[in-house]
Amino acid sequence: MSEQDMLDIDGVTKMFGGLAALKEVSFSVNRGEIKGLIGPNGAGKTTLFNVLTGVYRPNAGSITLNGSSVTGLRPDQITSMGMIRTFQTIQLFEGMTVLENTMVGCHTWTRSGLFSSGLKLPGARREEEKIREESMVILKDVGLDTRPGEQGTNLPYGQQRMLELARALASRPDILLLDEPAAGLNQYETGELSQLLLSLREQGLTILLVEHDMGLVMKVSNEVVVLDYGKVIARGTPDEVQNDPKVIEAYLGIEAD
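A short tour of the structure in this document, coming up. Please read these numbers as outputs of a predicted model, since none were measured by experiment. (Residues numbered from 1 in each chain as written. Predicted model: local features only at pLDDT ≥ 70, side-chain atom pairs only at ≥ 80, totals over all residues. Heavy atoms only, no water.)

Details of the sheet that holds strand β8 (residues 206-210)
- The strand order across the open sheet built from 6 strands is β6-β7-β8-β3-β9-β10, with neighbouring strands paired in mixed fashion. The outermost strands of the open sheet, each flanked by one partner alone, are β6 (83-85) and β10 (231-236). Adjacent strand axes in the sheet meet at a mean angle of 20°, parallel and antiparallel pairs treated alike.
- Looking at chain direction, strand β3 (residues 34-38) and strand β9 (residues 223-228) are connected through 4 bridges and run parallel. By the bridge assignment for β9, K35 is matched with E223.
- Contacts from helix α6 (residues 157-170) reach β6 and β7 (175-179) within the one sheet, and its direction differs from that of β7 by about 155°. (Pairing = 2+ DSSP bridges. Helix = DSSP H or I, 4+ residues; strand = E, 2+ residues; numbered from the N terminus. Axes fitted to C-alpha atoms, helices over the stretch in contact; angles between N-to-C directions. Contact = heavy atoms within 4.5 Å.)

See below:
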């Protein structure tokens, strides 16, 4: 693992019974880059996310985050170390406003306990105000600062996607794992998402992006890794990957000339 690496994945294998969903997957994600992770349906992309974030334990291999092993740790432990993810299916909190949904993400770095919060002690009040202020800044970044009091689940689909991203950003991630963030978005919303991701990269955030929208992936990614049947079959710049015969065959089922 080099000093540039934020995340290092080395020989990760995940078995389900006799089926290998991941086969010795190895690659790294550098600090401040967007790494695209693509592949046909069933290639193992979401399984890898689940292994990285502690939902599944790998059968073999190691995962290192900021120089520390996270292999086999619980999801909450990995979250506290700075690796945050979103999901393919939107998971907002029912009955919470846009602002409240965002504020929930701040629990990873807040310090006030149940006792001090319940008694509204000065330190807890100051921290809550800081959470509100930071959450509103994030909502402005994702274009939702004019709707903080609305129920999150009442937003249009595309804005719910942005709200889920806002909640993840409120966790102050070192690395953000995005699982199909453009799913269900229209062309305009996808363009807005693209600009947001590029802005986050400019701010120094590291992102591992799983996405089926190839236009989005190729526009925002520094490098792309391609999975097929649980194995890495290609990696490189967007141009290199798009012209790789193995990638073309995996997606189209035909051999490239």
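So, next bit.
What about the nonpolar core?
- Membership of the largest hydrophobic core comes to 46 residues, with the highest contact counts inside it found for L176, L197 and I207.
- With 7 residues, the top contributor of residues to this core is α6.
- Residues within four places of L197 in sequence aside, it is in contact with I34, L178, I207, L209, L216 and V220.
- The next biggest cluster of nonpolar side chains, apart from the first, holds 25 residues, and it includes L7, L52, I63 and L227. (Core = buried A, V, L, I, M, F, W, Y, C linked by side-chain atoms within 4.5 Å. Buried < 20%, exposed > 50% of the residue type's maximum accessible area, 1.4 Å probe, protein only.)

Details of the sheet that holds strand β5 (residues 68-69)
- In spatial order, the strands read β2-β1-β4-β5; together these 4 strands make up an open sheet with antiparallel pairing. The two strands at the open ends of the sheet, each matched to only one other strand, are β2 (19-30) and β5.

Overview of the environment of V12
- Along the chain, V12 falls in strand β1 (residues 5-16).
- Measuring from C-alpha to C-alpha, the distance between V12 and T71 comes to 9.7 Å, with 59 residues separating the pair along the chain.
- In this structure V12 touches L22, K23, E24, V25, V51, P58, A60, G61, S62 and I63, once residues within four positions along its chain are discounted.

Structural notes on the pattern of salt bridges
- One pass over the structure, following the stated rule, counts 9 salt bridges.
- In this structure, D179 and R85 form a salt bridge, with 3.5 Å as the shortest nitrogen-oxygen distance. One end of the pair, D179, is in strand β7; the other, R85, is in strand β6, with 94 residues separating them in the sequence. Of the two residues examined, D179 and R85, each falls in the buried class.
- When the shortest N-O distance is used, the salt bridge between R132 and E128 registers 3.9 Å. You can see R132 and its partner E128 sitting in helix α5 (residues 122-141), 4 residues apart, about one turn around the helix.
- Connected through shared salt-bridge partners, E33, K35 and E223 make up one network. (Salt bridge = Lys/Arg side-chain N within 4 Å of Asp/Glu carboxyl O.)

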